[in-house]
Amino acid sequence: DDQIERERASQHLPGGCCALAAIYLMGKFYVANAGDSRAIIIRNGEIIPMSREFTPETERQRLQFLGFLRPELLGKEFTHLEFPRRIQPKELGKKMLYRDQNMNGWAYKKIQEDDLKFPLIYGEGKKARVMATIGVTRGLGDHDLKVFSSNIHIKPFLSCFPEVQVYDLTQYEHCPDDVLVLGTDGLWDVTNDKEVAGVVMEVLTSYEPNDPCRYTMVAQELVVRSRGVLKERGWRLANDKLGSGDDISVFVIPLGGPGNYT
């Protein structure tokens, strides 16, 4: 992330990206995630999460705590407090539910002038944004990103540090149908863990255990199904819901070789 900052002018890199990495070292998989991509292990039909998404909702308290410690980062437009909805000027002096960086639940407070500012985190689910700008709270780059029509930088709230989870391959017997799946949010936006596991088992069973292309075909099928089919009303999934509108990248990595197959 520091290198991107140093080279952003010479390399013309104004944007940013998420990062998901899997490293095999001395019998263990280390899965590091910074962003909203996801990794799961499918072992004997069981789903084992190997990462979690970093979004304004999942990192609410970290973001609010930073806004509380350094209010200058919020400019004069934002408040670190969260309310169930946007506060209206006519509600000054009334009581409203709120929560801050120390609270999991909600409490009441009397609405003051500062509470009329735009919330640091606004929206729910995929529509949640930090300062109404970005929906991912960890990743690389985005050093020049600012709130629209302002001089407020978003970068202080974005962390480049990944969360790392470890999976010990030596603790289990793995067959060729046990895999690690890495995917960008374009996959997970429209396909859940259980559906991914279903596609994995469906495709793998149609190939011989020693056929190396079986894993590539699983990745291809996951991309195709999440993209959908182009129809009159746009790209549609098999259930006629909208296909993924985001980039879809998928890796399927075998955890066991043909010799381990039983």
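Quick caveat: nothing in here was measured; it's all calculated off a predicted structure.

(A) Layout of the overall build of the protein chain. Scanning the protein chain from N- to C-terminus turns up five helices and 17 strands. For the protein chain, the spread of C-alpha atoms along the three principal axes comes to 70 × 45 × 40 Å. Expressed as a percentage of the 262 residues in the protein chain, the buried residues total 42%. Residue pairs in contact within the protein chain that sit at least 24 positions apart in sequence constitute 60% of those at least 6 positions apart. Within the protein chain, the 37 negative side-chain charges are centred at a point lying 8 Å from the centre of the 33 positive side-chain charges.

(B) Seen up close, the sheet that holds strand β13 (residues 163–168). Pairing in this open sheet of three strands is antiparallel, and the strands run β2-β3-β13 from one edge to the other. A single partner strand is all that each edge strand has here, and the edge strands are β2 (19–25) and β13. Direction aside, the axes of adjacent strands within the sheet are offset by 15 degrees on average. Sheet topology note: the β2/strand β3 (residues 28–34) ladder contains seven bridges and is antiparallel. In the strand pairing of β3, L25 is matched with K28.

(C) Here's a closer look at the confidence of the model for the protein chain. Per-chain confidence: the protein chain averages 91 in pLDDT, with 98% of residues scoring 70 or above. Ranking the elements of the protein chain by mean pLDDT puts strand β16 (residues 234–236) last with 80 and strand β14 (residues 179–183) first with 97.

(D) Molecular detail of the domain arrangement of the protein chain. Split into domains, the protein chain comes out as domain 1 (1–52 + 162–254) and domain 2 (59–141). Relative placement of domain 1 and domain 2: their C-alpha centres are 32 Å apart. With 14 residues of domain 1 at the contact, the number on the domain 2 side is six residues. When domain 1 packs against domain 2, the two sides together hide about 800 Å² of surface, and 56% of this comes from carbon and sulfur. Here domain 1 and domain 2 share two salt bridges between them. For K126, the salt bridge goes to D189, with nearest N and O atoms at 3.2 Å. Viewed at the interface, domain 2 and domain 1 are joined by three residue pairs in polar contact (both at pLDDT 80 or more). Considered class by class, the residues forming the side of domain 1 that touches domain 2 number six nonpolar, three polar and five charged.

Reading the values: the criteria
Residues numbered from 1 in each chain as written. Predicted model: local features only at pLDDT ≥ 70, side-chain atom pairs only at ≥ 80, totals over all residues. Heavy atoms only, no water. Helix = DSSP H or I, 4+ residues; strand = E, 2+ residues; numbered from the N terminus. Buried < 20%, exposed > 50% of the residue type's maximum accessible area, 1.4 Å probe, protein only. Contact = heavy atoms within 4.5 Å. Lys, Arg positive; Asp, Glu negative; His and termini not counted. Charge placed at Lys NZ, Arg CZ, Asp CG, Glu CD. Pairing = 2+ DSSP bridges. Axes fitted to C-alpha atoms, helices over the stretch in contact; angles between N-to-C directions. pLDDT = per-residue confidence, 0-100. Domains from an automatic or database assignment. Buried area = accessible area lost by both parts, 1.4 Å probe. Salt bridge = Lys/Arg side-chain N within 4 Å of Asp/Glu carboxyl O. Polar contact = N/O pair within 3.5 Å; in protein donor to acceptor, adjacent residues only side chain to side chain. Nonpolar A, V, L, I, M, F, W, Y, C, P; charged D, E, K, R; others polar.

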